[in-house]
Amino acid sequence: MFEATPQALRRRRQERIATSVLAAMTFATVVPLFAILGYLLVKAWPSLSISFLIEPPRDLQTHGGIWPALVGTIYLVTVSLAAAAPVGVLAAVWLNEYARDNWFTRTVNLAVINLAGVPSIVHALFGLGAFVLAAGLGQSVLAASLTLAVMTLPVIIASTREALAAVPWAFREACWNVGATRWQTIRAVVLPNAISGVLTGVILQVSRAAGESAPILFTGAVMYKAVEKGDLLPYGLNESVMALATHLYNLVTQINGAPESLQFATATVLVGVVLLVNSTAIVLRVVLRTRRKW
Amino acid sequence: MTTGASGAPAAPGRARFRRPPLSVWTERLIETVVIASGVSAVVFVAVILFFVVREAAPVFVSEHFSLREFLFSIEWYPTSLVKVRYGVAAMIVGTLAVTTLAMALAVPFGIGAAIYLSEFCGPRLRETLKIVIELLAAIPSVVWGFLGLTVVNRLLILLFGASVGLNVLNAGLLLALMSVPIVVSIGEDALKAVPDAHREAALAMGATRWQVVYRVLLPAARHGLLAAALLGVGRAVGETMAVLMATGHAVQIPGGLLDPVRTLTANIAAEMGEVSQGSEHYQVLFAIGVLLFAITFLVNLTADLVVRGVRGK
């Protein structure tokens, strides 16, 4: 009774082709991640061990571990987080809770977008000009961390803002109606309900700061620092540090004679740290989303 | 807005409510801090521009420097004793070449993936794929550079017989992989923003899903998709470490995909460590920073205007 017309057949064929081409394109963008992770892990295997993590480099960095770089990265991430998190969260609070829709708010929005778009090497120049030279901090943990903080601020702002916007307006109205001020409402109702998004932003900032190398290249990261095995507090805030990302760069381009598996092991640890932090953010988001009450 | 301390006249028959002065002052103090944080983004953008321009400024009046030569000359001899030349045209072309190649790959694949994610696949697969793409975006650029130097380098020598595998093609491939996640996520948002009524109307008329996509969704979401491409461009232009390690670092106009180049960003990263602070060479590197700031600012501004243009309608 219903004979498929040639036209209908053609449409069906087009549909099938489109679906498979689009699926292929999607998987082409997804597969590299697994290929990269697998390749890194296989090549790094001979050098990966606990002692690789907690030992300092030896023999002009051609042997040994990455402890000083690992601790240096933890330093940079912690200090930049301490600087960026309060400012970022409060900036998001202002944008979502206080700001009205006028030219000024639009300017701030545009500034946030542009801050995220400024190339990392320009952030490095800024850090060099402002923190290292003008503020007299020298090449130090503080200068490098502040550079990272400015650079990662948009990450925290974007995530926090999205979370704040998701809190229903009625929650605020209910709170105001029992006499709470704006800030009391934000502190007692809005922020607790948005905590998952705030934490996600903070965690993504950590991952971003841990992986960056260009901004710290001239502001505080150095090629080598002598650090004892397992020393937890080797650096002062005004000292230069080793960092994982720049250590990988140096190991690959500056240091001669490092075996390849050492380079791959360093890359694997860096990727591992960053992806672990990111996965935490993803798990947190999924768990808290399923628990959401409204 | 704020519940005032001075207060409105009390309602008849009710006790007048007054907040204690201390709480009023705390409220004001906190509000000031919140506003200051909100404004900080604007301040930071301004301060970034200020400091980069400040360090670059002396070179603009130097006798060795002319803006025309800076932008249009391909002669880059910053350390020459007899013939100092500060022309970055070759690096501008290098940046353009690498970015164009990256976008030629990342935009079709990114938008294709965005269409698949938003229109064709089920919710569970979509969530999984989005997580993978998010993780892909998280891989640090220095790791991409390392992969370019080791893996892609060897692959290109093997496949194309290139003498050196560090070239436009290598960096373009890396940048494509690095910017594809941003194209996917912004592109998917743009498709999501098209009202479901559009889809339902087209399906009700007997359109297949593919016809819905290319007759209804792509035209309706074209501004958002353009913005996605532009943000990808911004990402690719500003990328430093990956191109520093993978482009092969020759200051020249590339004749083909297998020629090495140098980009603006890589040039700053490579030479800043070796210049003496305050020298003319150092100032020119900051001038390149100003140029990069201007380019990315324009790209991001355009993307924002394109998106707002859609919302305005």
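What counts and how
- Residues numbered from 1 in each chain as written.
- Chains lettered and ligands numbered in written order.
- Predicted model: local features only at pLDDT ≥ 70, side-chain atom pairs only at ≥ 80, totals over all residues.
- Helix = DSSP H or I, 4+ residues; strand = E, 2+ residues; numbered from the N terminus.
- Rg over C-alpha atoms; globule rule 2.2 N^0.38 Å.
- Buried ≥ 20, exposed ≤ 12 C-beta atoms within 10 Å, placed from the backbone.
- Contact = placed C-beta atoms within 7 Å.
- Axes fitted to C-alpha atoms, helices over the stretch in contact; angles between N-to-C directions.
- Left-handed = near helix turned anticlockwise from the far one by under 90°.
- Nonpolar A, V, L, I, M, F, W, Y, C, P; charged D, E, K, R; others polar.
- Expected span 1.5 Å × (residues − 1).
- pLDDT = per-residue confidence, 0-100.
- Core = buried A, V, L, I, M, F, W, Y, C linked by C-beta atoms within 7 Å.
- Parallel < 35°, antiparallel > 145°, perpendicular 65-115°, else oblique.

(A) Molecular detail of the overall build of chain A. When its secondary structure is counted, chain A shows 12 helices and two strands. By the compact-globule yardstick of 19 Å for 294 residues, chain A is too spread out, its C-alpha radius of gyration being 24 Å. Dimensions along the principal axes, computed over C-alpha positions, put chain A at roughly 80 × 65 × 35 Å. Looking at chain A residue by residue over its 294 residues, the buried ones come to 50%. Long-range contacts, defined as pairs at least 24 residues apart, comprise 78% of the intrachain contacts of chain A with a sequence gap of at least 6.

(B) Quick look at the overall build of chain B. The helix and strand tally for chain B stands at 12 helices and two strands. Taking 313 residues into account, the globule formula puts the C-alpha radius of gyration at 20 Å, and chain B, at 26 Å, lies well above it. Principal-axis analysis of the C-alpha atoms gives chain B an extent of 90 × 60 × 35 Å. The burial tally for chain B puts 46% of its 313 residues in the buried class. A fraction of 71% describes how many contacts in chain B between residues 6 or more apart in sequence connect residues 24 or more apart.

(C) Main features of the packing of helix α3 (residues 89–120) of chain B against helix α6 (residues 168–192) of chain B. Residue and element names in this part refer to chain B. The N-to-C vectors of α3 and α6 enclose an angle of 35 degrees; their axes lie 6 Å apart at closest approach. As α3 packs across α6, the resulting crossing turns out to be right-handed. Tallied by class, the residues present in the contact of α3 with α6 amount to 21 nonpolar, six polar and three charged.

(D) The interface of chain A and chain B, seen in detail. Facing the 68 residues of chain A at the interface are 69 residues of chain B. Ranked by residues supplied to the side of chain A that touches chain B, first place goes to helix α1 (residues 6–44) of chain A with 16 residues. When the residues that make up the side of chain A that touches chain B are grouped by side-chain class, the tally is 48 nonpolar, 16 polar and four charged.

(E) Representation of α3 of chain B in the model. For α3 of chain B, built from 32 residues, the straight-helix expectation of 46 Å at 1.5 Å per residue is met to within 8% by its first-to-last C-alpha distance of 44 Å. Most of α3 of chain B is tucked away: 24 of the 32 residues are buried.

(F) Expanded view of unusual backbone geometry. Despite not being glycine, His249 of chain B shows a phi value in the positive range, around 70 degrees. As for its placement among the helices and strands, His249 of chain B is situated in the loop between α10 (241–246) and α11 (264–272).

(G) Quick look at the confidence of the model for chain B. Chain-level pLDDT for chain B is 89 on average; 93% of the residues reach the 70-or-more range. Taken together, the stretch residues 1–8 of chain B has pLDDT below 50 and engages in nine contacts with residues farther than four places along the chain or on a different chain.

(H) How the structure looks around the nonpolar core. Leu76, Leu153 and Leu270 of chain A together with Leu174, Val183 and Ala242 of chain B are the most contacted members of the largest nonpolar core, which has 195 residues in total. It is helix α3 (residues 67–98) of chain A that provides the largest number of residues to this core, a total of 18 residues.

(I) Highlighting the packing of α3 of chain A against helix α9 (residues 195–211) of chain A. All names here are of chain A. Closest axis-to-axis distance for the α3/α9 pair is 9 Å, and the angle between their directions is 140 degrees. Our classification of the angle between α3 and α9 gives oblique. As α3 runs across α9, the sense of the crossing is right-handed. Taking contact as the criterion, the partners of Thr73, Leu76, Val77, Ser80, Leu81, Ala84, Ala85, Gly88 and Val89 in α3 are, on α9, Val198, Gly201, Val202, Gln205, Val206, Ala209 and Ala210. Residues belonging to the contact of α3 with α9 are distributed by class as follows: 11 nonpolar, five polar and no charged.

(J) Focus on the environment of Pro215 of chain A. Residue and element names in this part refer to chain A. Along the chain, Pro215 turns up in helix α10 (residues 214–217). Along the primary structure Pro215 and Ala188 are separated by 27 residues, whereas in three dimensions their C-alpha atoms are 37 Å apart. Excluding residues that lie within four positions of it along the chain, Pro215 makes contacts with Ser120, His123, Ala124, Gly127, Thr147, Leu148 and Met151.

(K) Expanded view of the confidence of the model for chain A. This prediction gives chain A a mean pLDDT of 90; 99% of its residues lie at or above 70. By mean pLDDT, strand β2 (residues 63–64) of chain A is the weakest element of chain A at 83, and helix α5 (residues 120–134) of chain A is the strongest at 95.

(L) Region of interest: the environment of Leu191 of chain B. When you line up the elements, Leu191 of chain B lands in helix α6. When the C-alpha positions of Leu191 of chain B and Ile253 of chain B are compared, they lie 38 Å apart, and in sequence the two are 62 residues distant.

(M) Summary view of the environment of Val274 of chain A. The residue Val274 of chain A is located in helix α12 (residues 260–291) in this model. Taking the C-beta count within 10 Å as the criterion, Val274 of chain A has 23 such neighbours and is therefore assigned buried. Along the chain, Val274 of chain A and Val202 of chain A lie 72 residues apart, while their C-alpha atoms are 13 Å from each other. For Val274 of chain A, the contacting residues outside a window of four places in its chain are Ser207, Ala210 and Gly211 of chain A together with Ala138 and Pro140 of chain B.

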